[in-house]
Amino acid sequence: MALRAGWNEGDVVRFTSPQYLILLLVGCAWLWQAWRRAHSAHERRGSRRHAARAAIAVLLILGAAGLEIAAGPTAVSVMFVMDVSDSVAGARAEMSRRVDAMLAQLQRGDRAGLILFGAEPIIERSVGTLVDANAATDAVVQTTATDIEAALRLARSALPATGLRRIVLLSDGQQTRGDALREASRAAANGVPIDIAPPVEANLAPSPVLTRVSAPPVVGVGEPFQISLLAEGLPGEAAVLSIQGESGEPATQHVRFSPNGVATAAQVIRENQPGVYVYRAGLSLARPDPLGAGSETSDGAVVVVSGRPRVLSVGPLRGVDRLLSASFTVNHISATDVPRSAAALASYDAVILEGVRPDVLDEEQTAALTRHIETRGSGLVVLGDATTLDATIAPATGLGRLLPIDVRPRAGTRAPELALVVVFDKSGSMDDRVGGQAKIEYARQGVQRVLDALPATDALGVIAFDNAPTVIAPLAIGHAAREISERLRGVAPIGSTAIAPAVQRAIEWLSTDEIGRIPRRHVLLVTDGRSSPADAARLQAIVKESHLPLSIISLGGNRDQEFLQSLAESTGARAYFPQDARALPELAAREATLVAGGRLVEEPFTPQGMPHPITVGLTNGRLPRLGGYVVSAAKPGAEIVLASHRLDPILATWRYGLGKIAVYTADLDGPWSMQFRSSEVFEPFVRDMVRWVARSTSDQSFFVRIQKRTDHAELIVEAPRVDSSYASLLEVRASLRRPSGDTEHLRLAETMPGRYATSVAVSEPGPYIVAIDGRGRDSRFTAQELRGFYWSGNTERHGTNTALLSRVRDVTNGTTIDGDSSAFAARPPAFQDARPWIFTAAFLLFLIEILTADLRTVSGRHKGDAPDSIPRRTAA
Amino acid sequence: VAVILDTSVSMGTVQNGETRFDVARAQVRSLLDRLPGGTRVFLIPADPDPRVIGEFRASDADLARAVSSLRVTDAAAQLHRAIDYARSARVGASRLYVFSDVFSHVFSDVAPAESISGPDVEWFSVGVPAENAAISDISWRRSMNRPHEIEVLVTVLNQGVSALNADLTLTTGVNPAGRQRVSVDPHAAAKYSFLLTDPALTITAHLGGDDAVASDNSRSLVVPPAANVRVLLIGEGGYFLEKALSAHPNVTVVSSESADHDLVICTGCREVPAGTADVLMFTPPAPGADSFALVRTSVEHPVTDDVDLDGTRAVVAGSGTLDGVVIAVAGGSPAIVADDSGARRILEIRLDSDNGPFPLSTAFPLLIANAIGWLSHRGDNRTILTAGEPLQWNVGVQRQTPVVVAPDNREVPSRFANGILSVADTRVAGLYRIRLDSGDQTIAVNPAVRIDSESGGGPATPRAAGGRIAAATAIRTDLTVALALASLLLLAVEWRCGQAGTRVM
């Protein structure tokens, strides 16, 4: 018997409030006193009454104390939580058999349910409906991941809120999501023990898999390093492990899995050029995989090879080569010799284009350069001047796409406004073909380039003409480039040529009151010049009368060249006569930029420096005087490091893919920067600029760790200082290049002093490369790192995570179920509340006692006896 | 139907003189008025461990009382879990009403959209963006070479549309330890650093000024003392092992088995030494053993954190006895094995610690330091939690069951089994005390500040004294005992009166 609200084996009764049993002692004393008095008074009939009342009192005390009577073993509600993820695929049958064995040991009143889980849990059988685990095959569960926490949470919520409850976890404990211990704490607090039933290890024999490829993250040029492979598989089985770099044949090793089920292979490699190297490793078997998981698996490693930074200087000028030679290995080539493959550029940490017109680089060279910067983390410095930064650089194509600036004069308070009408020929002669395309096509492209070159805030109109003008786009501020492009596509070359009516229409547009207020008004005529003399005379008269500038691009060769030249020059504009129609688009864009005006600023000024690693040497008192620059605007995401007095970019930077790009617009080798070149800050400035842009593979200021988790990687950067403190409050960013080629920019949060971290979601297998940049608030602290890791996509773990399972068991006070033993054999007895019976008995006794007394009273009156309640001595 | 009520910190935002939670409760009452009186209603607070407060009829006065008794917590909302729970077999609600200051799309990154916004779910949103600032994070780190110095990093989050200018103060215990003027742009965060010497155990950062939510203006941390580890060395030790131990600042080597020790390092042991202390074993070297390159397995284990083992050649000492997690292999055999499944932690290194390149490598002392850290359970017990996170402390064998005391001095329900103390109810932020045989231990529970709150979240301002999660479970009281005692008393009185009457007559 237990007096506490607990239980012990063998208990028959127990009390929920045993403290009230003390009243029994009080009652006994009372009863003894009452009994003695009754005997002394010879109240035999009264003693019966005392006995009845004493019995009622005892019953009431037992009821108050909460008497409960053992009623057999307690019924239990069990939720079996069975792992069906890939890592336990071989043990599925065994686990089902064990569930069935445990089900067979359930007793009457017990209820069981079943949850299957992998990446997510699903209730296969709710509590009370499970009778056969083998029949439970309806559920479709994603098996590529394991979330034990979610499964346990669902199990707990699916169990009844009260009563004896248990969860039996059948899993290898290799969770890939969530935290099972977190849910174990909640289960413990709710009084739900979790029993563990790990599968038999022999049934977890893995399908052969390459579990790890290890390599040092950073090595020096020429330094030998080892790539190690670790594979797990069936003991004694033969396999082939291979390692392959980005070029060359794979190195293979034939191995046999040891009695412990592991096999290793290693390859020593040496790289003689700095750069980022990806090595792919593979495992293949001679036999097909019995589990159907495929007989080949792959993984890989990424190694950064660092050395003395190498710079490729491109162009006719060698102004900066001398300045850089102390810190970099500089190779100089002409623009035509720029490699046409990214592989040929791989060893260069930065490329400098000085005095190189973008159109000098062909498509292959531009693509190679772009790929080198974007995917290999190299840097690009463009030292621009009036000839190289012009309208031929389209902001969204070719080299222009790389630049952080847009060289078109932009809108804003400082931008001159322009009203431009493009009048282009669509007569039948424009159907003549040049280079496989009709001339009308080049005219269309020319108009398109004008559209690209002009900011949307300027006014633009477009007229096509044959013998009569056709309005493509009425002159209006805020032209809609897309609509105009679509209309241009619908223009077909047909008819004779009459220039004058179209130009007259343009002049009429430009002469309205609204447009007349715009400071610059201009007509750009594109034609092949085959007009009639009458039309030419009329054109001349109209133009002369209008006093508006008329620029002409003529595709008609020498025909009417003299007339057109004089006509354009008479208005103060220019005429172009390209020999090749293919030059038309570029000429149109350049002319549009010229007529827009404001492309260059040529006046002395002192630039403003922003806090940046490049400008550390340019403190406010040491900023140089400059004589001019090419007007441009920073693209979204770009950073203006040096700005003009009008806040135009002088030096702008941004990150492009994994690489960094800087553009200097004030002609570093020309007269604009003459004073700057003679200053003592010039050389450090150039060096800092190239150093910041150049790919930096390893920096002693940062220690980088990449921890691959099951569905993500953690990027952790430690920033200690030399004085043993931590570099706190840094701005640490990273650019991540995914295997698909997409680049993602990340910001690392400072999780504790000097530690910066972020999580990288990974899904696609392949190499991930990360360029990390750190900067202090005052830009005096800078650090850069380049790292990589390889994501195989294989999140499967082998064996049993006994540490986790044991902890789950211990936290919840559960048990380990070995073999077919059941956790339900020992269970507390169920106790039934006896109070209803006790109170009913007390009430019946009370009734009997009353009825008996009444019957005696009636009977006594009939016999003439005095009732019990009348004392004898009174009657006497 | 199920009524799911957001009880997270941001629901305590005061707007127009009342909290969002007050508004939500009014909406709940309005909904209940519109429901047919016989409708079965489950009331579920959406805190980190969703549960049913009770099952009521819509017209039941107890339901209204239960709604009124709910309070805002300092924890984050787990609305998607509450919704899952409401749909689960235990509740089985066919219609769900969610009252919150966030919208369903906020949770789309943690739960499928259909699961949180299906046709059976109706959302009631309360609140508008508020002017609030919070201390969203506090962390610390001991200086590398100056153990008496720590650096504290505090993150201040401005959730409002106005720039924040306020004082940020740091106190150690009750003493001021630092003050900085902070300036944070709207919808931005800024970090501030403090350097403290000889810090007290408890450090609290406080942000001055009035805003929509008061309690997220403070955040605490507990700095555990740098514990000394007493190592019993059994066997010959070896030059490199002793060097590695002597380089460890917090290790004291004892040589007598009778001396108190925290862990055992045994060189040349063939079996695990007897006792209860955790063990680092070096398998005895075999004569003429070969050396192989070490390769770490895919197991992430604290013993190999920051240790570059790969490729290091080591003389394989021999086969061991431990059946645990293989951390590294050499020559196809397990080389480093860890076992955490029993009452003791055991690490077996089956490599020669005195010969070959392994003990000469930089990895060796780091491996030993990590091993001591893992075996001494350092860092196992967290001293900083976010409200709502379960607490799990490994406290070992205790003579008396540990007691957990909340900041408001109430005893928190806890479970103690197998030396592990578990507490699920940490919904109230503040300093908790754990009473152990060895004395009180303190942990800091900080409010959950939603960084990406669209409505400027934070814990509640107005709240009743005492526990904030009021259990509405004590609505009905069992009167059986009282009635039984009353009957007994009546019986005694009647009996006594009967006797007295007898004597009189």
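As the structure is a prediction and not an experimental result, all values here were calculated from the model.

**Considering the overall build of chain A**
Inference 1: Check the secondary structure of chain A and you find 20 helices and 43 strands.
Inference 2: Across the 876 residues that make up chain A, the buried fraction comes to 54%.
Inference 3: In chain A, once contacts between residues fewer than 6 apart in sequence are set aside, the share between residues at least 24 apart is 71%.
Inference 4: Accessible surface computed for chain A: about 36900 Å², of which carbon and sulfur atoms make up 52%.

**Remarks on the overall build of chain B**
Inference 1: Along the backbone of chain B there are 8 helices and 31 strands.
Inference 2: In chain B, which comprises 505 residues, the proportion classed as buried is 51%.
Inference 3: Within chain B, counting contacts between residues at least 6 apart in sequence, those at least 24 apart form 66% of the total.
Inference 4: Accessible surface for chain B amounts to roughly 21500 Å². Of this, 52% is attributable to carbon and sulfur atoms.

**Focus: the sheet that holds strand β8 (residues 209-214) of chain A**
Residues and elements named next belong to chain A.
Inference 1: The strand order across the open sheet formed by 3 strands is β8-β10-β13, and the pairing between neighbours is antiparallel. Strands with a single pairing partner mark the edges of an open sheet, and in this sheet they are β8 and β13 (262-269). Here the strands of the sheet are splayed against their neighbours by 20° on average, with no regard to which way each runs.

**Thoughts on the interface of chain B and chain A**
It is common to give the size of an interface as the accessible area lost on bringing the parts into contact.
Inference 1: In this assembly, 64 residues from chain B lie in contact with 77 residues from chain A.
Inference 2: Here chain B packs against chain A, burying approximately 6300 Å² in sum over the two surfaces, 54% of which is carbon and sulfur.
Inference 3: Along the contact surface separating chain B from chain A lie 4 salt bridges.
Inference 4: Here aspartate 306 of chain B and arginine 705 of chain A are joined by a salt bridge, their closest N and O atoms 3.0 Å apart.
Inference 5: At the boundary of chain B with chain A, the tally comes to 17 residue pairs in polar contact (both at pLDDT 80 or more).
Inference 6: Per element, the largest residue contribution to the side of chain B that touches chain A is 14 residues, and it comes from helix α8 (residues 480-504) of chain B.
Inference 7: For the side of chain B that touches chain A, the class distribution of residues is 24 nonpolar, 20 polar and 20 charged.

**Focus on the sheet that holds strand β33 (residues 639-643) of chain A**
Residues and elements named next belong to chain A.
Inference 1: Read across the sheet, 8 strands follow the order β17-β16-β18-β19-β35-β34-β33-β30 without closing on themselves; strand pairing throughout is mixed. Strands at the two margins of the open sheet, each flanked by one partner only, are β17 (329-333) and β30 (608-609).
Inference 2: Pairing geometry for strand β19 (residues 379-383) and strand β35 (residues 659-664), over 5 bridges, is parallel. Bridge pairing in β35 links valine 382 to valine 663.

**Considerations on the packing of aromatic side chains**
Inference 1: The final tally for this structure, using the stated rule, is 11 aromatic pairs over all chains.
Inference 2: With a centroid separation of 5.1 Å and 80° between ring planes, the pair formed by phenylalanine 676 of chain A and phenylalanine 682 of chain A is classed as edge-to-face. Accessibility classification places phenylalanine 676 of chain A together with phenylalanine 682 of chain A in one group, the buried group.
Inference 3: Each ring, one from tyrosine 97 of chain B and one from phenylalanine 124 of chain B, has its centre 6.1 Å from the other, and the planes form 50°; the classification is tilted. Of this pair, tyrosine 97 of chain B sits in strand β6 (residues 96-100) while phenylalanine 124 of chain B sits in strand β7 (residues 121-125), and the two are 27 residues apart along the sequence.
Inference 4: Each member of the aromatic cluster is reached from another via a ring pair, and the members are Tyr664, Phe676, Phe682 and Phe685 of chain A.
Inference 5: Its end group placed over the ring of tyrosine 348 of chain A, arginine 310 of chain A keeps NZ or CZ at 4.8 Å from the ring centre.

**Quick notes on helix α8 (residues 363-376) of chain A**
Residues and elements named next belong to chain A.
Inference 1: For α8, which comprises 14 residues, the first-to-last C-alpha distance of 19 Å matches the rise-based estimate of 20 Å (1.5 Å per residue) to within 8%.
Inference 2: Restricting attention to buried positions, one finds in α8 the residues Gln365, Thr366, Ala368, Leu369, Thr370, His372, Ile373, Thr375 and Arg376.
Inference 3: Of the residues trailing α8, glycine 377 is marked for its positive phi of about 75°.

**Brief notes about helix α11 (residues 499-510) of chain A**
Residue and element names in this part refer to chain A.
Inference 1: Here α11 spans 17 Å end to end across 12 residues, near enough to the 16 Å set by a 1.5 Å rise per residue.
Inference 2: Residues Ile499, Ala500, Pro501, Ala502, Val503, Ala506, Ile507, Trp509 and Leu510 constitute the buried set of α11.
Inference 3: Looking at the buried residues of α11, the elements they touch are β21 (418-425), β24 (459-465), β25 (469-477), α12 (513-516), β26 (520-527) and α13 (533-546).

**Details of the pairing of strand β18 (residues 278-282) of chain B**
Residues and elements named next belong to chain B.
Inference 1: Counting buried residues along β18, 5 of its 5 residues qualify, which places the element largely inside the surrounding structure.
Inference 2: Where burial is concerned, the two faces of β18 agree: the one with Asp278, Leu280 and Phe282 and the one with Val279 and Met281 are both buried.
Inference 3: With 5 bridges connecting them, strand β17 (residues 263-267) and β18 associate as parallel partners. In the strand pairing of β18, leucine 263 is matched with aspartate 278.
Inference 4: For β18 and strand β23 (residues 346-349), the ladder comprises 4 bridges, and the chain directions are parallel. Within β23, the residue paired with valine 279 across the bridge is isoleucine 346.

Calculation notes
- Residues numbered from 1 in each chain as written.
- Chains lettered and ligands numbered in written order.
- Predicted model: local features only at pLDDT ≥ 70, side-chain atom pairs only at ≥ 80, totals over all residues.
- Heavy atoms only, no water.
- Helix = DSSP H or I, 4+ residues; strand = E, 2+ residues; numbered from the N terminus.
- Buried < 20%, exposed > 50% of the residue type's maximum accessible area, 1.4 Å probe, protein only.
- Contact = heavy atoms within 4.5 Å.
- Areas by Shrake-Rupley, 256 points an atom, 1.4 Å probe, with all protein chains shown as cover.
- Pairing = 2+ DSSP bridges.
- Axes fitted to C-alpha atoms, helices over the stretch in contact; angles between N-to-C directions.
- Buried area = accessible area lost by both parts, 1.4 Å probe.
- Salt bridge = Lys/Arg side-chain N within 4 Å of Asp/Glu carboxyl O.
- Polar contact = N/O pair within 3.5 Å; in protein donor to acceptor, adjacent residues only side chain to side chain.
- Nonpolar A, V, L, I, M, F, W, Y, C, P; charged D, E, K, R; others polar.
- Phe/Tyr/Trp six-rings, centres within 6.5 Å; stacked < 30°, edge-to-face > 60°.
- Lys NZ or Arg CZ within 6 Å of the ring centre and 35° of its normal.
- Expected span 1.5 Å × (residues − 1).

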